[in-house]
Amino acid sequence: MSRVAYVNGRYLPHAEARVHVEDRGYQFADGVYEVCEVREGHLVDERRHIERLARSLKELRIDAPMTPAALGVVMRETMRRNRVRDGLVYLQVTRGVARRDHGFPPPGTKPSVVVTARSTDRRKADRLAETGIMVVTVAENRWPRVDIKSVALLPNVLARQEALDRGAKEAWFVDADGLVTEGASANAWIVTQDGAIVTRSANSGILKGITRTVTLEVTKSPAKRVEERAFSVAEAIAAREAFQTSATLTVMPVVEIDGKKIGDGRPGPVARALRARFHETAEIAS
Ligand code: PDD
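Caption draft 1: Structural view of helix α2 (residues 46–60). Here α2 spans 21 Å end to end across 15 residues, near enough to the 21 Å set by a 1.5 Å rise per residue. Along α2, the residues that are buried comprise Glu46, Arg48, His49, Ile50, Arg52, Leu53, Ser56, Leu57 and Leu60. Buried residues along α2 sit in contact with β3 (31–39), β4 (42–43), α3 (68–81), β5 (87–94) and α6 (210–218). The positive-phi residue at the C-terminal boundary of α2 is Arg61, with phi of around 55°.

So, in structure tokens, the structure goes:
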């Protein structure tokens with residue numbers, strides 16, 4: 001089936017969808033993005049993703065390219081044209097096209113907007129969650145503004161590739177104090193031996209994941225003990241459970257870190273329950 005991408009006001013065949021060579025996203029990674037889950041034909045947590053996009057744009061002083069409602073229309077039309085029932089929508093906004101110069105382009109330069117959508121295999125993700133994934137740790141080497149969902153992902157790309165090279169699925173960054181920040185494209189969590197659910201506070205060192213926010217909501221009923229604080233690699237390895245959250249794989253159990261089994265080396269009951277209940281709490285748009 002032919003795929004279609006939205007590029008600056010037009011729906012184009014995927015193979016022909018391009019931005020200009022002097023797009024600032026291409027030349028400076030001067031842009032931001034969102035990845036939103038599509039489930040049974042509906043966008044999951046659209047409002048939160050669009051709000052975070054607006055925040056990222058504001059932090060980088062990039063003009064909002066269109067209203068949230070208009071973005072919603074484009075996302076849905078892109079889903080429709082690609083016949084996505086279960087999958088992902090990718091949305092990217094850059095500072096636009098201008099002669100290469102590090103300073104901002106002249107006022108009035110239009111931001112570039114790209115939206116793509118693709119189907120994913122939900123059963124495959126569920127099967128992966130049945131076994132859980134392996135994670136390796138890598139030294140944190142990103143800029144401090146990881147709270148902005150910028151397309152500048154080179155450290156994340158290298159970390160992920162290192163994970164793949166070492167036979168794992170994801171890399172977790174570890175800061176100079178030996179504390180886990182987050183994954184290359186997911187937030188990191190553990191369940192301690194005494195049953196506390198722990199994830200790093202969104203105040204420093206991480207992207208405030210939408211899946212993280214919703215998962216915290218899921219832990220409220222029935223109320224679980226949750227601690228928003230940093231944890232070390234040693235604490236994670238000694239934990240009863242570990243898992244990670246992202247729009248791409250929702251709640252995904254982690255069964256091994258740096259070759260060491262977490263708990264009995266199988267997905268734990270807390271991660272499984274949070275995964276099973278996630279979509280009851282997420283906002284499912286019409
Ligand atoms: N990444 N931390 C990082 C560094 C991420 O890139 C992501 C998501 C998350 C989780 O955020 P959310 O729950 O809102 O998806 C945390 C997307 C999925 C990606 O880059 O593909």
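Having seen the structure, we can now continue with the description.
Caption draft 2: Quick look at the packing of α2 against α6. It is the contact of α2 with α6, at a shortest axis distance of 10 Å, that shows an interaxial angle of 135°. In terms of their interaxial angle, α2 and α6 are classed as oblique. Remark: the crossing between α2 and α6 carries right-handed chirality. Seen from α2, the contacting residues are Arg48, His49 and Arg52; seen from α6, they are Ile210, Thr213 and Val214.

Caption draft 3: Structural context of the site of the ligand. The local shell around the ligand holds 21 residues, among which Tyr33, Glu182, Ile210, Thr211 and Ala247 are the closest. Here Arg52 contributes a side-chain N or O atom positioned 2.9 Å from an oxygen atom of the ligand. Within the residue set of the shell around the ligand, elements represented by two or more residues are β3, α2, β9 (180–183), α6 and β13 (241–246). The class makeup of the residues in the shell around the ligand is seven nonpolar, ten polar and four charged.

Caption draft 4: Geometry of a nonpolar patch on the surface. A cluster of nonpolar residues, Leu154, Val157 and Leu158, forms a patch on the protein surface that exposes about 310 Å² of accessible area. Within the secondary structure, Leu158 is located in helix α5 (residues 154–165). A relative accessible area of 54% places Leu158 in the exposed class.

Caption draft 5: Quick look at the side chain of Ser246. Here Ser246 shows up in strand β13. Judged by relative accessible area, Ser246 falls into the buried class, the value being 8%. Within the local environment of Ser246, its side chain forms a polar contact with the side chain of Thr248, the two groups lying 2.9 Å apart. Excluding residues that lie within four positions of it along the chain, Ser246 makes contacts with Ser185, Ala186 and Thr211.

Caption draft 6: How the structure looks around unusual backbone geometry. Across the junction of Ser221 and Pro222, the peptide omega takes the value -5°, indicating a cis bond. Of note, Pro222 is situated in the loop between α6 and β12 (226–228). Phi is positive for Asn8, close to 45°, though the residue is something other than glycine. Relative to the helices and strands, Asn8 resides in the loop between β1 (4–7) and β2 (10–13). Its identity as a non-glycine residue notwithstanding, Ala29 has a phi of 55°, on the positive side. Note that Ala29 resides in the loop between α1 (24–28) and β3. Under the relative-accessibility criterion, Ala29 is labelled partly exposed at 26%.

Caption draft 7: Quick look at the packing of aromatic side chains. The tally for this structure, following the rule as stated, stands at four aromatic pairs. Above the ring of Tyr11, the side-chain terminus of Arg81 is found at 4.2 Å from the ring centroid. In this structure, Arg95 packs its charged tip against the face of Phe104, placed 3.7 Å from the ring centre.

Caption draft 8: The arrangement of the pattern of salt bridges in detail. Scanning all chains against the criterion turns up 31 salt bridges. Taking the shortest distance from any N to any O, the salt bridge between Asp45 and Arg48 comes out at 2.8 Å. Residue classification places Asp45 among the buried positions, given a relative accessible area of 2%. For Glu59, the salt bridge goes to Arg145, with nearest N and O atoms at 2.9 Å. In this pair, Glu59 is assigned in helix α2 and Arg145 in the loop between β7 (133–139) and α5, connecting sequence segments 86 residues apart. Note on Arg145: relative accessible area 30%, which makes it partly exposed.

Cut-off values and rules
Residues numbered from 1 in each chain as written. Predicted model: local features only at pLDDT ≥ 70, side-chain atom pairs only at ≥ 80, totals over all residues. Heavy atoms only, no water. Helix = DSSP H or I, 4+ residues; strand = E, 2+ residues; numbered from the N terminus. Expected span 1.5 Å × (residues − 1). Buried < 20%, exposed > 50% of the residue type's maximum accessible area, 1.4 Å probe, protein only. Contact = heavy atoms within 4.5 Å. Axes fitted to C-alpha atoms, helices over the stretch in contact; angles between N-to-C directions. Parallel < 35°, antiparallel > 145°, perpendicular 65-115°, else oblique. Left-handed = near helix turned anticlockwise from the far one by under 90°. Near = heavy atom within 4 Å. Polar contact = N/O pair within 3.5 Å; in protein donor to acceptor, adjacent residues only side chain to side chain. Nonpolar A, V, L, I, M, F, W, Y, C, P; charged D, E, K, R; others polar. Patch = residues over 30% accessible without salt bridge, like charges linked within 9 Å, V, L, I, M, F, W, Y side chains within 5 Å. Areas by Shrake-Rupley, 256 points an atom, 1.4 Å probe, with all protein chains shown as cover. Salt bridge = Lys/Arg side-chain N within 4 Å of Asp/Glu carboxyl O. Phe/Tyr/Trp six-rings, centres within 6.5 Å; stacked < 30°, edge-to-face > 60°. Lys NZ or Arg CZ within 6 Å of the ring centre and 35° of its normal.

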